[in-house]
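Structural characterization, general
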Amino acid sequence: MGKNSNFHSHCTFCDGRSHPEDFILSAIAHKFRAYGFSSHSPLPFETFWNMSKNDLPEYIREINRLKKKYAGYLEVYLALEIDYLDKTYNASIDYFQSMPLDYRISSVHFLPRREPLLEENMVCIDGSYRDFEEAVERHYDGSIRRMTEHFFESSMYMVEAGGFDIVGHVDKIYMNASRYPGFDIQADWYRKAFFELLDLIAEKDLIVEVNSKNKTGKGQTYPHIHSYKELKRRHIPVMVNSDCHFPGLVNDGRTETLDLLKEAGYRTTREPVNGKWEEIEI
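Reference entry: report on the structure contained in this document. Since the structure is predicted, the reported quantities are computational estimates derived from the model, not experimental observations.

Our next topic: the sheet that holds strand β3 (residues 75–83). Pairing between the strands of a sheet is mediated by backbone hydrogen bonds and can be parallel or antiparallel. If you trace the seven strands from one edge of the open sheet to the other, you get β1-β2-β3-β4-β7-β8-β9, paired in parallel fashion. Taken across any chain shown, the strands that pair with only one partner, and hence form the sheet edges, are β1 (4–6) and β9 (238–241). Inspection of the sheet shows β3 paired to strand β4 (residues 103–107) by five bridges, in the parallel sense. Bridged to alanine 79 within β4 is tyrosine 103.

Here it is as structure tokens:
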């Protein structure tokens, strides 16, 4: 087994572009030690990118089948990326806690604007810039600050609710927000909201993934490269995940991101090894 790993990935059970086994074979080719599947969790409404509740039992069976089949080659883990919507629908509810998962990632993709929890009542922060821009104008009166603060407020509620191990792409709001007029990642209001979130994550001893999905294409990681030292200062454990949707990208951006983490003072990542969390030397 090699040293490489990835614990945030998608496949045809959600919006990934190939079958789970294809990702395993690619991981083996890249000399992976471990590989985790974390399909987008079911939601109270159907979307293109989230798994349907009806497919969940088959997903669990298939990943467990792959665990057994490839046990001699690499560790395979079963997880979900669970959306935080509000206090009634998040990783801490019985529905997700009762699932036989090895770990749970929690992320904010949607910001509810009104009840009930339907897609038309959500603002998606992770779609196209055109849709994002329209949402800022329609729902936040053109204030990118208001939308960004709503994102971090929802992220705070997510961390307080708990029920998960890994914070997914903690500041991905900046992917689209950085293109919107008036946004400044160095602004006092932004740093205040983001640092308060990091303080809470540190208090809860959660892992922050450093998401390298857009490292190659956009030069971005989530969290932002400039924030690595803030994580280190708070002793927040990290792991590097490619958040891949294509088998050929299982290791995308990993080496470069690990080098940047080392420059920021990190010497280890926190990962599951034989089912237990351990510090892995970079």
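The rest of the description comes next.
This part is about the state of the cysteines. Under the definition given, this model contains zero disulfides. Free of any disulfide, cysteine 124 has its nearest cysteine sulfur in cysteine 14, 14 Å distant. Sulfur of cysteine 244: no disulfide; nearest cysteine sulfur belongs to cysteine 11 and is 9.6 Å away. Of the residues examined, cysteine 244 reaches a relative accessible area of 2% and is grouped as buried.

Moving on: the nonpolar core. Within the largest apolar cluster, 84 residues are counted, with the highest numbers of intra-cluster contacts made by Tyr35, Phe37, Tyr59, Met147 and Ile201. At nine residues, helix α7 (residues 188–204) tops the list of elements feeding residues into this core. Residues in contact with isoleucine 201, not counting those within four places in the same chain, are Val159, Val167, Val170, Leu206, Val208 and Ile236. Among the nonpolar cores identified, the runner-up in size contains nine residues, and Phe7, Ala34, Tyr103 and Ile105 belong to it.

It is worth spelling out the packing of helix α1 (residues 20–29) against helix α2 (residues 56–69) at this point. Two packed helices can be described by the angle between their axes and the distance between those axes. Close contact between α1 and α2 brings their axes to 10 Å; oriented N to C, the two are set at 30°. As α1 packs across α2, the resulting crossing turns out to be right-handed. Residues Pro20, Glu21 and Ile24 of α1 touch α2, and the partners they reach there are Glu62, Ile63, Arg65, Leu66 and Lys69. Taken together, the residues of the contact of α1 with α2 sort by class into four nonpolar, no polar and four charged.

The next subject is the pattern of salt bridges. If you walk through the whole model with that rule in mind, you get 18 salt bridges. Between aspartate 126 and lysine 172 there is a salt bridge, with the nearest N and O atoms lying 3.0 Å from each other. Here aspartate 126 is found in the loop between β6 (122–124) and α4 (129–139), whereas its partner lysine 172 is found in the loop between β7 (166–167) and α6 (173–177), with 46 residues between them in sequence. Of the charged contacts in the structure, one is a salt bridge between arginine 138 and glutamate 134, with a shortest N-O distance of 2.7 Å. You can see arginine 138 and its partner glutamate 134 sitting in helix α4, four residues apart, about one turn around the helix. Residue glutamate 134 is classed as partly exposed on the basis of its relative accessible area, which comes to 41%. Beyond isolated ion pairs, a larger network of salt bridges with shared partners links Glu21, Glu62, Arg65 and Lys69.

Here is what the cut-offs are and how they apply
Residues numbered from 1 in each chain as written. Predicted model: local features only at pLDDT ≥ 70, side-chain atom pairs only at ≥ 80, totals over all residues. Heavy atoms only, no water. Pairing = 2+ DSSP bridges. Helix = DSSP H or I, 4+ residues; strand = E, 2+ residues; numbered from the N terminus. Disulfide = S-S within 2.5 Å. Buried < 20%, exposed > 50% of the residue type's maximum accessible area, 1.4 Å probe, protein only. Core = buried A, V, L, I, M, F, W, Y, C linked by side-chain atoms within 4.5 Å. Contact = heavy atoms within 4.5 Å. Axes fitted to C-alpha atoms, helices over the stretch in contact; angles between N-to-C directions. Left-handed = near helix turned anticlockwise from the far one by under 90°. Nonpolar A, V, L, I, M, F, W, Y, C, P; charged D, E, K, R; others polar. Salt bridge = Lys/Arg side-chain N within 4 Å of Asp/Glu carboxyl O.

Interpretation note: all reported values are geometric properties and have no functional meaning in isolation.
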